[in-house]
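Residue-level structural notes
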Amino acid sequence: MKLLLVEDNRALSEWLARTLRADKYTVECAQDGLEADGLLRTEAYDLVILDLALPGLDGREVLKRLRSRRNAVPVLILTAFDATRDRVEGLDFGADDYMVKPFEVHELEARIRALLRRVNQQKNPVFACGSLVYDSNRREFTLSGAPLALTPREHAVLEGLMMKAGRTVSKKALAESLYSLDQDVSPEAIEIYVHRLRKKLEDGDVVIATLRGLGYLLKPRHEA
């Protein structure tokens, strides 16, 4: 899952980005509204965490521009503005959730998970494909009931496939969910992680199929 964190308080931004990355999210940061607007025009994200009081371009305007482009990415406003009027305005502009600073990080993490489940039309936090199970609350995979040991990048690739199990996911989409903008995006590198994942899944009843020219598909082995 690739998140955009828009926060001009650098200390808060760096701390929150570290916390979310420890939860195995890919996090990119923007410190002002103009930078955020530019990123949202060119990059794809699974969720945006947006402050309102931003230099360059107000967070409300960032949100209005985003929705005017018919971009439906979930947006969680995280701001010091706590008046009812501010909450109503933010939600009316197209935000999906609203939290006030100071905040409890565990609640923020729970709200992020809830929004991601909602966009994937999944009320249950547990995803399954055959005997491969992903608990999106704990962010852990099990295979036939046993924990599946994965590196952070393997986890990111398998999560991208699991969230769209039964559907084709392109190399480019997997690469963009895996790397941040300060790293080289190489769809070919995905082949390495897919190869490693196939090794780790070979004792189970799920496979990662290659659809040439299209991408990869996670599905039960009996459908292969």
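The model shown is predicted, which means the values in this text are computed figures rather than measured ones. (Residues numbered from 1 in each chain as written. Predicted model: local features only at pLDDT ≥ 70, side-chain atom pairs only at ≥ 80, totals over all residues. Heavy atoms only, no water.)

1. Describing the nonpolar core
By size, the foremost hydrophobic cluster in this structure holds 47 residues, and its most contacted members are I112, L132 and V157. With 6 residues, the top contributor of residues to this core is helix α8 (residues 187-201). Once residues lying within four places of it in the same chain are set aside, the contact partners of V157 are L174, L178, I190, Y193, V194 and L197. If you look at the next biggest cluster of nonpolar residues, it comprises 21 residues, including V48, L54, Y98 and V100. (Core = buried A, V, L, I, M, F, W, Y, C linked by side-chain atoms within 4.5 Å. Buried < 20%, exposed > 50% of the residue type's maximum accessible area, 1.4 Å probe, protein only. Helix = DSSP H or I, 4+ residues; strand = E, 2+ residues; numbered from the N terminus. Contact = heavy atoms within 4.5 Å.)

2. Some remarks on the environment of E7
Mapped onto the elements of the fold, E7 is located in the loop between β1 (2-6) and α1 (10-22). When the C-alpha atoms of E7 and E107 are compared, they prove to be 18 Å apart, with 100 residues separating the residues in sequence. A distance of 2.9 Å separates a polar atom in the side chain of E7 from the backbone nitrogen of N9. (Polar contact = N/O pair within 3.5 Å; in protein donor to acceptor, adjacent residues only side chain to side chain.)

3. Re the side chain of E154
On the secondary structure map, E154 appears in helix α6 (residues 152-162). Residue classification places E154 among the buried residues on the basis of a relative accessible area of 3%.

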